[in-house]
Amino acid sequence: MTVPAVPDLWTTVVVDAGGRYGMHPSWRGFEAPIDYRMFEPEPVEAERLTRKYASRPDVTVHDLALGAERDSTIDLFITAHHGYIGATRPNPQSLWFGEVRPDEGIVQGTITVPATTLDAYLEADGLHADFLKVDVESHELRVLQGADKTLDRVLALRVELQFDDSFEKQTASSIFNHLIDDRDFRLMRFDYDGRGQPLSYLTVDATYGALCGCDAVFVRKLPSIVAWSGDETAAALLKLAAFSLRNGMPDYAVVCLDRLRDTGWSAGADEPAVHRYVRKLFILAAGRLRIQSGDLYELAAQDYQRFFDAEMPARHEVFESDWLNPA
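Residues numbered from 1 in each chain as written. Predicted model: local features only at pLDDT ≥ 70, side-chain atom pairs only at ≥ 80, totals over all residues. Heavy atoms only, no water.

**Remarks on the sheet that holds strand β3 (residues 59-62)**
Overall, mixed pairing links the seven strands, which are arranged β3-β2-β1-β7-β8-β10-β9 in an open sheet. Pairing within the sheet leaves two strands with one partner each, and these edge strands are β3 and β9 (185-190). Neighbouring strand axes in the sheet, compared pairwise and without regard to direction, differ in orientation by 20° on average. One ladder, built from six bridges, connects strand β1 (residues 12-17) with strand β2 (residues 34-39); its direction is parallel. Considered in β2, the bridge of V15 is made with R37. With respect to the sheet, helix α5 (residues 172-181) is in contact with β8 (156-162), β9 and β10 (213-220), its orientation differing from that of β8 by roughly 160°. (Pairing = 2+ DSSP bridges. Helix = DSSP H or I, 4+ residues; strand = E, 2+ residues; numbered from the N terminus. Axes fitted to C-alpha atoms, helices over the stretch in contact; angles between N-to-C directions. Contact = heavy atoms within 4.5 Å.)

Quick look at the structure:
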């Protein structure tokens with residue numbers, strides 16, 4: 001497999017550990033240069049993904065597992081539902097596999113696949129990752145342990161957490177410790193609407209049940225990014241603003257853009273594509289804000305002027321724009 005060239009500073013590099021079913025929805029339709037490195041160790045699925053993205057030079061599929069040891073192997077448990085294939089055996093006594101999905105976690109066999117660390121992979125290619133998505137069925141901590149150097153430059157992560165013993169033990173507390181206590185990342189959100197797995201029939205309110213697992217989003221705190229300085233800081237803040245606007249954290253995008261303005265950086269005549277994309281995402285987010293409050297919409301318009309040195313398009317201009325309102 002041909003590995004793409006090392007991307008430039010303004011290309012967003014995403015590493016997806018556990019690429020089954022393809023590019024994560026939060027990255028589809030990204031309107032700026034992207035280099036998406038997808039790792040899927042199960043051979044049949046890796047082959048399917050390779051065919052699926054054959055026409056996408058910005059997506060690379062690796063039939064390789066990520067873990068805590070370079071040049072190693074990992075045993076995968078092949079489950080009845082292929083979405084649970086991973087390096088950790090499902091627990092048939094757990095709430096999820098014992099009651100909610102009792103047939104899906106049945107182990108039908110094992111295979112041994114090659115593995116390496118994310119640090120070793122990136123070092124060999126001479127690049128760093130801006131964002132990580134890690135969804136490997138309770139093997140997430142091992143992937144992060146093999147990404148020690150990588151995490152020095154990562155802007156944000158989307159990581160699957162297990163709060164129950166669905167895969168023999170929960171992983172949430174160890175991942176919190178690794179990212180929040182040891183690496184000083186900030187937890188921003190859970191992809192969770194308050195409804196867990198019901199424990200009885202009495203589910204009359206919007207929140208109920210046991211939370212077995214969900215995705216969590218972590219971000220790098222901004223002082224370390226500002227310390228990088230120059231275009232490196234500007235590119236990172238813009239990428240993080242775009243990520244925030246696409247991952248349910250629009251308030252954090254404003255914080256990132258505030259910090260970018262404080263640096264004195266300007267896009268200039270040769271506007272980076274990610275800067276243009278952030279402008280678009282900000283305009284669309286402000287339009288949704290208008291439904292809540294006209295005053296807040298006006299504040300967003302003032303911030304748009306402050307952040308981008310331009311007047312925010314009026315509502316009718318948004319609807320008439322092929323850029324903002326494509327066919």
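From this point, the discussion proceeds with the structure in view.
**Topic: the sheet that holds strand β4 (residues 65-66)**
Here we have three strands laid out as an open sheet, ordered β4-β6-β5, and mixed in their pairing. In this open sheet, the two edge strands, each paired with only one partner strand, are β4 and β5 (72-79). Taken together, the eight bridges between β5 and strand β6 (residues 107-116) define a ladder with antiparallel strand orientation. Residue pairing across strands places L76 opposite I111, the latter belonging to β6.

**Notes on the side chain of K280**
Among the secondary structure elements, K280 is positioned in helix α9 (residues 273-292). Those residues in contact with K280 that sit more than four places away from it in its chain are E31, W323 and L324.

**Here's the deal with helix α10 (residues 294-308)**
Along an α-helix, residues three or four apart share an orientation, since each turn contains 3.6 residues. Between its terminal C-alpha atoms α10 stretches 21 Å, which fits the 21 Å expected from 15 residues at 1.5 Å a residue. The complete set of buried residues in α10 reads Y297, A300, D303, Y304, F307 and F308. Taken down its axis, α10 places every buried residue within 115° of arc, on the same side. Facing away from the buried surface of α10 by more than 90 degrees, the exposed residues are D295 and Q302. Those residues of α10 hidden inside the fold are in contact with α8 (250-263), α9 and α11 (315-320). (Expected span 1.5 Å × (residues − 1). Buried < 20%, exposed > 50% of the residue type's maximum accessible area, 1.4 Å probe, protein only. Arc of directions from axis to C-beta.)

**Points about the environment of G264**
Secondary-structure assignment places G264 in the loop between α8 and α9. As for G264 and I85, which are separated by 179 residues in sequence, their C-alpha atoms are 48 Å apart.

**So, the environment of G287**
Take G287: it is sitting in helix α9. The class for G287 is partly exposed, based on a relative accessible area of 36%.

**Topic: the layout of surface pockets**
Taken as a whole, the largest pocket holds about 460 Å³ of empty space. In this structure, the largest pocket is lined by 33 residues; those nearest its centre are G18, R20, K133, D135 and E137. Elements that contribute at least two residues to the lining of the largest pocket include exactly β4, β5, β7 (131-134) and β8. When residues in the lining of the largest pocket are grouped by element, the largest group, three residues, is from β8. The residue makeup of the lining of the largest pocket, split by class, is 16 nonpolar, seven polar and 10 charged. The volume enclosed by the second largest pocket comes to roughly 360 Å³. Around the second largest pocket sit 20 residues that line it, and Y84, W96, E160, Q162 and G213 are the ones nearest its centre. Among the elements of the structure, β8 and β10 are those that each provide at least two residues to the lining of the second largest pocket. The leading source of residues in the lining of the second largest pocket is β8, at three residues. Its residues assigned to classes, the lining of the second largest pocket comprises nine nonpolar, six polar and five charged. (1 Å grid on protein atoms, 1.4 Å probe; cavity = no way out; pocket = protein on both sides within 12 Å on 5 of 7 lines; lining within 4 Å. Points joined across faces, edges and corners; volume = space filled by probe spheres on them. Nonpolar A, V, L, I, M, F, W, Y, C, P; charged D, E, K, R; others polar.)

**Section: the pattern of salt bridges**
Counted under the stated rule, the structure contains 25 salt bridges. The salt bridge partner of E232 is R153, with a shortest N-O separation of 2.0 Å. Taken together, the residues E232 in helix α7 (residues 230-246) and R153 in the loop between α4 (140-145) and β8 connect sequence positions 79 residues apart. The exposure class assigned to E232 is partly exposed, which follows from its relative accessible area of 27%. Taking the relative accessible area as the measure of exposure, R153 reaches 25% and is therefore partly exposed. Salt-bridge contacts for E271 lead to R279; the nearest nitrogen and oxygen are separated by 2.8 Å. (Salt bridge = Lys/Arg side-chain N within 4 Å of Asp/Glu carboxyl O.)

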